[in-house]
Every structure is written in structure tokens, then in C-alpha cells.
Amino acid sequence: MENNYFCTINDLLLDTSFIVDEYSCPLCNQILYKSEIYQCKEGFWNCKECWLDLISKSEQRKDCKCKIESINDLSRSIFIENKFSNQKINCPFSFSYIKKDNQYIGGGEVGSGGGGGGGGGGDGGDGGEENDSIPLIKDKENGCKEIITVEELDTHLKQCQFKFVGCPNKKNGCEIQFRFNKLEILKDHEKICDSRFEKCKHCFEFIIFKNLPTHQDQCIKTLIECISCKDHIERGKLKKHLNLNCPNEIIDCTFKNNGCNDQMKRIDLSQHLLNPKHILFISELIEKQQNQIQHTKRKYLKLKRKFQEINENHNSINNNNNNNNNNNNKIYENHWFIKNFTKSKKKVGSFFLGPEFKIGSFEFGLSLYPNGRIDTFENHLVIALFEKSGLYKSVAVESDFTLIKEESEINNGKNYFFENLIQPKKWYCNRMMKFEKINNGFLINDTLHIKFKIEVFNWILTPFETDA
């Protein structure tokens, strides 16, 4: 069992008068509960843990002359283990309570404990250094009365009808426990447990019963009385009610910013606005808005003229650049056949290195990613186009890629790329279709046929620099 025990084996043994001498490890003094026992050729024995500790430190027993270098130099002492396993013990659930993690609760697991007398309610632990402040007490009326052997302990604990069962609301703070054979009492307790969940009658959320009064004092769905109109409003909507809807709430006149400082109930606002003095306020407001409209129009016309000037300058610069470059667009068309397509690696990021070609002074290359790039278009067929020379600051390219399907074609549409080529071999990715659709007639004798057309129609050279 785990070392997270409630009591030691010492607490359960019926007769502990000979335990220390016969069934405690000579080195660590631990009772041999669930311990493997090994002995040397001279018959000296220890628990397995103590032997391993001696071997790791290259030490020997002082009373043993055998040289022990590994656990394989020892033999298992089944006789001692079996002899201890047949000792008679009480069931842990014969007690009224058992201790775990410094808390007294009902039922639990059993630890090996230290050497020394039992029956005193030892907490267990290494060497028996800690003792319970409260001794274990036999529950003669409700406790388990079976006498079992050490060997039978684990099996008995799983089926013992006297083990302790916690309240289902333990996670909510209930610490009450009952015997397993008294579950009818537990069911009655669940109905009145302060830690049970109860539905709030206002918001219908489930709240721990003992916290329900506090929750209802704060619940946003609880109806409370408006101090002005006495209507019952949900707590969460009260502020909005007072600011916008409450007929008896005192508010300012709509024309406060125009000079009317009167206050009245919201319900009286309409009558108040009929006062002739508000006609003057309305006239002033209209005049102010008209002035603002004129100001905005003047600002708009000024920005419009400035935009037209910038646009004219931009068109002039573009015309000059086009005159400096070749007026004829550069076009390249060809076909790319990829054989043994299905034998290629299909993991994301794997690719076919395609053809390289020139268009005038431009050097381009193609690559095909069958299952998408690592960072782009995963699970899609992706064509990648890049310019290799690095001589151009920017290039405007129109690309047209077509997958050939037997006698028909499927086109992915034209794609325009306006990207800087400041970094050499900058890639432009063009998604074609999902990978699984390739088998729908696009493979002819396991060959993928791609028809492509590249047109370069505008570019700017990278200026040369010399460091003197």
C-alpha cells in the first residue's frame, strides 16, 4: 500500500510481544509488512531496502563476512516473509477512527510502521518516531469483528462492510463519515447536509446550501425595491433603471448644456420642455450645429484637394518608372511533369524541387509542397515561386498555374504578387487544392502535370552601393 497510511501494522497485530525480535529488520527496525527479505550465504537477513543501501555505499554488515556487491549475491527468504504473513491481525475498521495526514477520520490504508509495541495507536511513519496524541479505540458496537492474517489484509479491506464512507459533499466542506453498512443513514444525511447544492430561486444557479443566504444578498437576479418608484427590479438592472427608466428619478433638463439648469422628475420632463424658453435654446443649438457642418465641409474640401495633388504626383512617378523600364512585359510559359508522385514523402514541409528558368534578366525557380509548408497552407498542394538573382528591389509578377486532369484542366485562378525581393530567394506561396483531391483524376500513370505561365510586367532595380 501507499505510505499515506492511517495506522501501522503494529496497531493491528493481536500479539506484539515477539514482533521486535522476530519480524523487524535488524538494520532499520521496520516491521516486515510488505517487505522483501534477502539473506546472505551465512544466513544474515535484512529487508531489501537496507541491502540496497549498503550496496550503494559499498558497506557490509559488521557481523557478516560475505562480500556483497549486488542484490544478485543474495537469496530471497520466502520462509520469513510467509511466517510474518500468517500472523493474526484486527481489521483497521474495527476502530472508531483512524488517523491520516494529522486528521482523525474513519477508515483507510495501513503502513509498515516502526518496531515496538502496537495497540497504542501509532501514527506510523519512518521508525515509528511519531505517535498519535489520541489512542485508537475499538468500536465494539459498530466496528468490524473479523480476525484475519496479514496476507489477507488487502483483500479484506476491499470488501469490508464496516469501512468508512465520506459524505458526497466532502469537496464542499462536509467532513461527516458513516460506516458502509449504514448507507441508509448517509442517504438521510445528504438531504439535510449544509454542504449540498441547492438551486437559487432567483438565478437558478446551484449554490452550496450554507452559502445560499450570502449569495441571495448579492444575486443579480434578486428583485429589490426601487427607492424612487417602489417598483421591484432585478438587482443587476437597478442602475440602468435609475439612469434611464425610473419615472420618479430626479434628472436634468435636456437643454442643460444650453443654459437650462432646471431639474424635475423624469415623468415631468415632457411637460417641462413645453416651456417657451426652450425655443431659444433649440434655435441656438441649430445654429451651432449648422456652423459645425460648414466647418466640416471646408475641412473636407481642403483634404480632397490635397489628396488629388498626391494622386497626381504618384501617377507621374509611376509613368516615369515605366518609361525607364522595358515597355514590353516579359512572359514565360512551360509544363512541369512530376513522376512517381505518390511515392514521395507526404509529411508537412517536404517538397519537390522544380525547374529553374530565366525571363529576360530575371532568374526564377519553382517548388511544389504536396502537403503544405510548415507555416502555410497545411494539407494543401502548394506551388512556391521565387526570384533568385537578388538584383531587383521589387518585382510585380502575375502567375497562372493549371493542374491537367486527363483531357480537362483545373485552374487555381490568377494570383498577383507585389512583394519586395530584398532578401534573396524570398518565396511566394500559391495554394492549389487539398492534397486528398489529387487522386480524383489528376494523376496519370502516377504523374502530376502542371502547366504554368509567369509574366513580369514591372520592376525596380536595386541601386549599387560602394563603400569607399
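The model shown is predicted, which means the values in this text are computed figures rather than measured ones. (Residues numbered from 1 in each chain as written. Predicted model: local features only at pLDDT ≥ 70, side-chain atom pairs only at ≥ 80, totals over all residues. Heavy atoms only, no water.)

(A) Examining helix 3 (residues 48-56) more closely. Considered for burial, the residues of helix 3 that qualify are C50, W51 and L54. In an axial view of helix 3, the angular spread of the buried residues amounts to 100°, which keeps them on one side of the axis. Turned more than 90 degrees away from the buried face of helix 3 sit E49 and S56, all of them exposed. Residues of helix 3 that are buried sit in contact with strand 2 (37-39) and strand 3 (45-47). Count one or two residues on from helix 3 and you reach S58, which has phi positive near 55°. (Buried < 20%, exposed > 50% of the residue type's maximum accessible area, 1.4 Å probe, protein only. Helix = DSSP H or I, 4+ residues; strand = E, 2+ residues; numbered from the N terminus. Arc of directions from axis to C-beta. Contact = heavy atoms within 4.5 Å.)

(B) Fine view of the sheet that holds strand 4 (residues 75-76). The three strands lie next to each other as 3-2-4, forming an open sheet whose pairing is antiparallel. The two strands at the open ends of the sheet, each matched to only one other strand, are strand 3 and strand 4. Note: strand 2 against strand 4, two bridges, orientation antiparallel. Bridging across to strand 4, Y38 finds its partner in R76. Running over the sheet, helix 3 touches strand 2 and strand 3 and is turned about 100° from strand 3. (Pairing = 2+ DSSP bridges. Axes fitted to C-alpha atoms, helices over the stretch in contact; angles between N-to-C directions.)

(C) Seen up close, the packing of aromatic side chains. With the rule as written, the count across this model stands at nine aromatic pairs. Ring geometry for F255 and F281: centres 6.3 Å apart, planes at 25°, overall stacked. Remark: F281 occurs in helix 10 (residues 277-324) and F255 occurs in the loop between strand 16 (250-252) and strand 17 (263-265); sequence separation between them is 26 residues. Side by side, F255 and F281 carry an identical accessibility label, which is buried. Chaining the aromatic ring pairs together yields one cluster made of Y332, F357, F364, F401 and F452. In this structure, K138 packs its charged tip against the face of F95, placed 5.6 Å from the ring centre. Residue placement shows R196 over the ring face of F209; its charged tip is 3.9 Å from the ring centre. (Phe/Tyr/Trp six-rings, centres within 6.5 Å; stacked < 30°, edge-to-face > 60°. Lys NZ or Arg CZ within 6 Å of the ring centre and 35° of its normal.)

(D) Region of interest: the pairing of strand 19 (residues 352-359). Where strand 19 meets strand 20 (residues 362-369), six bridges bridge the pair, whose relative direction is antiparallel. Directly across from E356, in strand 20, lies its bridge partner G365. Hairpin connection between strand 19 and strand 20: a loop of two residues separates the two successive antiparallel strands, and G360 in this loop has a positive phi of roughly 65°.

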